[in-house]
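# Observations on the three-dimensional arrangement
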Amino acid sequence: MKLAVLGGGGFRTPVIYRAIASGVTRTRYDELALYDVDSTRLDRIEAVLRGIDETDGQTVRHHATTNLEEAVEGADVVYCAIRVGGLDGRLVDETVPIAEGAIGQETAGAGGIAFALRTVPVVTEIAETVDRCAPGALFINFTNPVGLVTEALRPILGDRVVGICDAPEDLCGRVARALGREPAELAFEYFGINHLGWVRAVRDGARDLLPELLEDDERLGSIEEGRLFGTDWLRSVGMIPNEYLFYYYFRDRAIEAMRQGHVRAAYLRDQQAAFYAADGGPAASLEAWQRTLTEREARYMEEAWDGREAERAQVVEGRLPGGYGGLALGLVDALRGGAGPAVRILDVANRSSLPFLDREAIVELPCVVDAGGIRPVAIGEVPIEAAGIVLQVRAAERTAIDAARSRSRRLAVKALAIHPLVGSVDLAERILAGYLARNPLLAEVLT
């Protein structure tokens, strides 16, 4: 088995490498190819991998390259986790809307649309290369915005492309622990699209445990979402929302925190610059990577916890970094069979799972995974307010895909304007003008 990691100079790579080297996966990988456009980043991550080899005493045959065709040639599995424009691009994505009084976040609202506009053309070329050089490969997409990018690639790769996000399964794990149970003992009815989803039921056989959790202040307040959204609001919603719903439910609070300087891209840019500029042997590189990764997790969604640092510290203690890698490796194991069906929350084509969306819309919900493939479960009708937000965001994301493909500024304005976190043509025009003035890569796409 050959695994190609696109964006191999990124922070997730050592997590994936360590999992494979330790033998925790049933699938055995004979070759690991790391691809990145930046050889300096690859060199730094390779030093971390050598540190893992020395510490753990196990290794996986791997090589690094800046040649995409070489990386994917003959691959059985391709992981795609790239950031077009780097963190400098993300900083523009996030700060331009804030200056105009709108949410500035990597995947939500204007920031997600801008990221998509410059990412879709690049991942399209990557998918075409994979289709040519590895026609049977499973393509697992980590690249944000995950749902949008996955949907953009379906015309090329069809069902071979699946999106991965660790947020839903992390949420389900927190809910299970609040109920005093293990996640594997329960069935979670989770539905939505990437970074916009809800747990609407937690089933133990025929019994739904969610109502009793929602009525228990102590247990509900013990999980991140209970503290983030407040127990009264969760009872009003009647479901447990994905943490990214904070930007929709508490927009004013989030914007104010961002105006006070809580902009994640600025922190990550400085932190990553320091990590990648440093030098050292394998042991020192591994230690620096582990420290940097821990610090990154400690600042996750910092703007949502502005003024509640003690609560945020409790949340950080429960976070497990590197969830994407474990989820993706588990997906490959399940598809290869041997241990019976597995249930994973994935970003896949809707089929008929959510009746208010069309068949090809990428949704995020539980799927049964085995050697026969990936089958999303039927969700059926959902609360109208949840369906309304999902429809609006999916419409904006599809318009962004069309804008990127056609290089249309007119459609780019439309994508921004119809997104519920922008919601104004005048505001959309100002935001796009700010993006074009500050991001040459976007100006190249929207000619």
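Quick note: structure is the one above.
So, here is what we can say about the structure in this document. Owing to the predicted nature of the structure, the values given are computational and were not obtained by experimental measurement.

### Section: the nonpolar core
- V175, L196, W198, I240 and Y247 are the most contacted members of the largest nonpolar core, which has 56 residues in total.
- Ranked by size, the runner-up nonpolar core spans 42 residues in total, among them I140, V162, W289 and L331.

### Notes on the packing of aromatic side chains
- Going through the model one piece at a time under the given rule, you end up with twelve aromatic pairs.
- Geometrically, the ring pair formed by F11 and Y276 is edge-to-face, given 5.9 Å between the ring centres and 90° between the ring planes. With F11 in the loop between β1 (2-6) and α1 (13-22) and Y276 in helix α14 (residues 264-277), this pair connects stretches of sequence that are 265 residues apart.
- With relative accessibility at 11%, the residue Y276 sits in the buried group.
- For the ring pair W233 and Y249, a centre distance of 5.1 Å and an interplane angle of 70° mean the geometry is edge-to-face. A residue pair is termed long-range when its members are at least 10 positions apart, and W233 in helix α11 (residues 231-237) and Y249 in helix α12 (residues 246-249) qualify at 16 residues.
- The class of W233 is partly exposed, set by a relative accessible area of 34%.
- With a relative accessible area of 23%, Y249 lands in the partly exposed category.
- Each residue in the set F229, W233, Y244, F246, Y247, Y249 and F250 is aromatic and connected to the rest through ring pairs, giving one cluster.
- Stacked on the ring of F275, the Lys or Arg R44 has its end atom at 4.4 Å from the ring centre.

### With respect to the packing of α1 against helix α2 (residues 39-56)
- Between α1 and α2, the least distance of the axes is 10 Å, while the angle of their chain directions is 30°. Taken together, α1 and α2 sit at an angle that is classed as roughly parallel. Crossing of α1 against α2: the hand is right-handed. Contacts from T13, P14, Y17 and R18 in α1 reach I45, V48, L49, I52, D53, T55 and D56 in α2.
- Of the residues assigned to the contact of α1 with α2, the class counts are six nonpolar, two polar and three charged.

### Notes on the side chain of T150
- Along the chain, T150 turns up in helix α6 (residues 146-157).
- Judged by its relative accessible area of 0%, T150 falls in the buried class.
- Of note is the side chain of T150, whose polar atom sits 3.1 Å from the side chain of N141.
- Excluding residues that lie within four positions of it along the chain, T150 makes contacts with N141, V161, V162, G163, D347 and I362.

What counts and how
Residues numbered from 1 in each chain as written. Predicted model: local features only at pLDDT ≥ 70, side-chain atom pairs only at ≥ 80, totals over all residues. Heavy atoms only, no water. Core = buried A, V, L, I, M, F, W, Y, C linked by side-chain atoms within 4.5 Å. Buried < 20%, exposed > 50% of the residue type's maximum accessible area, 1.4 Å probe, protein only. Phe/Tyr/Trp six-rings, centres within 6.5 Å; stacked < 30°, edge-to-face > 60°. Helix = DSSP H or I, 4+ residues; strand = E, 2+ residues; numbered from the N terminus. Lys NZ or Arg CZ within 6 Å of the ring centre and 35° of its normal. Axes fitted to C-alpha atoms, helices over the stretch in contact; angles between N-to-C directions. Parallel < 35°, antiparallel > 145°, perpendicular 65-115°, else oblique. Left-handed = near helix turned anticlockwise from the far one by under 90°. Contact = heavy atoms within 4.5 Å. Nonpolar A, V, L, I, M, F, W, Y, C, P; charged D, E, K, R; others polar. Polar contact = N/O pair within 3.5 Å; in protein donor to acceptor, adjacent residues only side chain to side chain.

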